[in-house]
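# Tertiary structure, described
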Amino acid sequence: MTEIKINKSAIAERFMRYVKIDTQSDPQSNTHPSTEKQKNLSLLLAQELKLLGIKDAEMDEFGYVYATIPSNSEKKDIPVICFCSHVDTAPDCSGYNVKPILHKNYDEEDIILPDDHSQVLSAVAQPYLREHLGEDIITASGHTLLGADDKSGLAVIMQAAEFIMNNPSVTHGVIKILFTPDEEIGKGTSKLDMKKLGADFGYTLDGGEAGSLEDETFNADGATVVVNGVIAHPGYAKNKLVNALKVAAEILHALPGSEWAPEVTEEKEGFVHPVRLDGIAERATIEFIIRDFDLDNLKEHGERLHGIAENVVNHYRGASMEFTITEQYRNMKGILDEHPQVAAYAAEAITRAGIDVKTESIRGGTDGSKLSYMGLPCPNIFTGMQGIHSKLEWIGVKDMAKAAETIIHLCMIWEEETT
Ligand SMILES: [Zn+2]
């Protein structure tokens, strides 16, 4: 029987190649993908998949990569499983000219990043570094993010695909590979062709510490408050003018400071968070995101926000308000509970890779939240990424290798469990 072992220097080299390609997405763009440059990486991935012998690998016009590894099992009814990660990096931090650095044999000394000496990676701030003593880690150089979110997922899936293609003794059903653009701006699935994908169950490779398996995400809504003021010539405005900008500021001021905000909540607590404010004296708009694990609580947060805003606006004669809630994504747990084998097999695969399973909830969403509701139940598996969306982002090479081994085991488990 083939030993499932991923070559660490190969996966490190692959990962460092991918992070050098700038794929930052843009929340202000209305195109698909939001930035054309994401296709540079998508195209490379499609070509590399073809070189591995995966014949149907292709990038579509929207920058999605689809590929199929055919079954090599005699069993006919093995569910089709899909592995997914995203090519884009977050708009929060520059992704231009990323210079990955491989630090061999980590020894717990502080790592000062060469392009900005104020960026210091220390085990005091990031205790998970201690799990990598004597191992290799990868950082950026100080002026950009690293892009482990989610180029580690790409490297993990690509390395596993190479292993599967080169080791026919690994028995598996049909495996689908999906790489998406624009996950970081919440549009990772907007142009996804589920029929073309043709998978029954999926796994995103977009998680943190080794062993983590996430089957629960926030429920997420967006809320928009539009304040209509009353406009008048400012020289003759006495007792007439209501300045929408000031009303908007008052609404923000009326939000609680010690609860209900991301800066003061953790674990299972939800929040309301203003993310954008713009306008003129006549009309101002505030955009919020609303998050909670529980759907009823999510609805209550929206109603409470509505009440706070209305209460402020009602103090101003002639002013009015428009309030809208838009659904963003839903907690995947509701769907995954209907298919318990999906997460259970992942847990078994992590164990076979020699790691302890940590089942966790994500205080955010992944493409998996949306995919689960689009008919593809899809928990999230670790890749090892740490300090994401920041200049201090880093990843341990052994974690990526373990993630790749996990998904190879996972393919085999789906085959074994099918009669
Ligand atoms: Zn991600």
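A brief look at the structure comes next. (Residues numbered from 1 in each chain as written. Predicted model: local features only at pLDDT ≥ 70, side-chain atom pairs only at ≥ 80, totals over all residues. Heavy atoms only, no water.)

Donor atoms from the polypeptide that bind the zinc ion are His86 (NE2), Asp149 (OD), Asp206 (OD) and Asp206 (OD), placed at 1.9 to 2.6 Å. One can describe the donor arrangement at the zinc ion as irregular, given that its four donor atoms subtend angles of 53 to 142 degrees at the metal. All donors of the zinc ion come from a single chain, and their spacing in sequence reads H-x62-D-x56-D. A residue pair is termed long-range when its members are at least 10 positions apart, and His86 in strand S3 (residues 81-86) and Asp149 in helix H3 (residues 148-166) qualify at 63 residues. A relative accessible area of 1% places His86 in the buried class. (Donors = N, O, S within 2.8 Å, 3.2 Å for Na, K, Ca; no water. Tetrahedral: all angles 85-135°; square planar, octahedral: opposite > 155°, others 65-115°. Helix = DSSP H or I, 4+ residues; strand = E, 2+ residues; numbered from the N terminus. Buried < 20%, exposed > 50% of the residue type's maximum accessible area, 1.4 Å probe, protein only.)

Okay, the packing of aromatic side chains next. One pass over the structure, following the stated rule, counts seven aromatic pairs. Here Tyr128 and Trp394 contribute two aromatic rings whose centre-to-centre distance is 6.0 Å and whose plane-to-plane angle is 35 degrees, an arrangement assigned as tilted. Residue Tyr128 is found in the loop between strand S6 (120-121) and strand S7 (137-139), and its partner Trp394 is found in strand S17 (residues 394-396); the two are separated by 266 residues along the sequence. In this pair, the class of Tyr128 matches that of Trp394, namely buried. A connected cluster of aromatic rings, assembled from ring pairs, spans Phe201, Tyr345 and Trp414. Directly above the aromatic system of Phe293 lies the positively charged group of Lys268, at a separation of 5.2 Å from the ring centroid. Arg304 extends its terminal NZ or CZ atom over the ring of Trp260, reaching a point 4.2 Å from the ring centre. (Phe/Tyr/Trp six-rings, centres within 6.5 Å; stacked < 30°, edge-to-face > 60°. Lys NZ or Arg CZ within 6 Å of the ring centre and 35° of its normal.)

Once that is clear, we can look at helix H8 (residues 340-352). Along its 13 residues, H8 runs 19 Å from first to last C-alpha, staying within 8% of the 18 Å computed at 1.5 Å per residue. Close packing links the buried residues of H8 with strand S9 (201-207), strand S10 (212-217), helix H7 (333-336), strand S16 (380-382) and helix H10 (397-416). Of the residues one or two after H8, Gly354 is the one with positive phi, at around 90 degrees. (Expected span 1.5 Å × (residues − 1). Contact = heavy atoms within 4.5 Å.)

Here the focus is the pairing of strand S8 (residues 175-180). S8 sits mainly inside the fold: six of its six residues count as buried. Along S8, one buried face is formed by Ile175, Ile177 and Phe179 and the opposite face, lined by Lys176, Leu178 and Thr180, is buried too. The pairing of S3 with S8 spans six bridges and is parallel. Note that in S8 the partner of Cys82 across the bridge is Lys176. (Pairing = 2+ DSSP bridges.)

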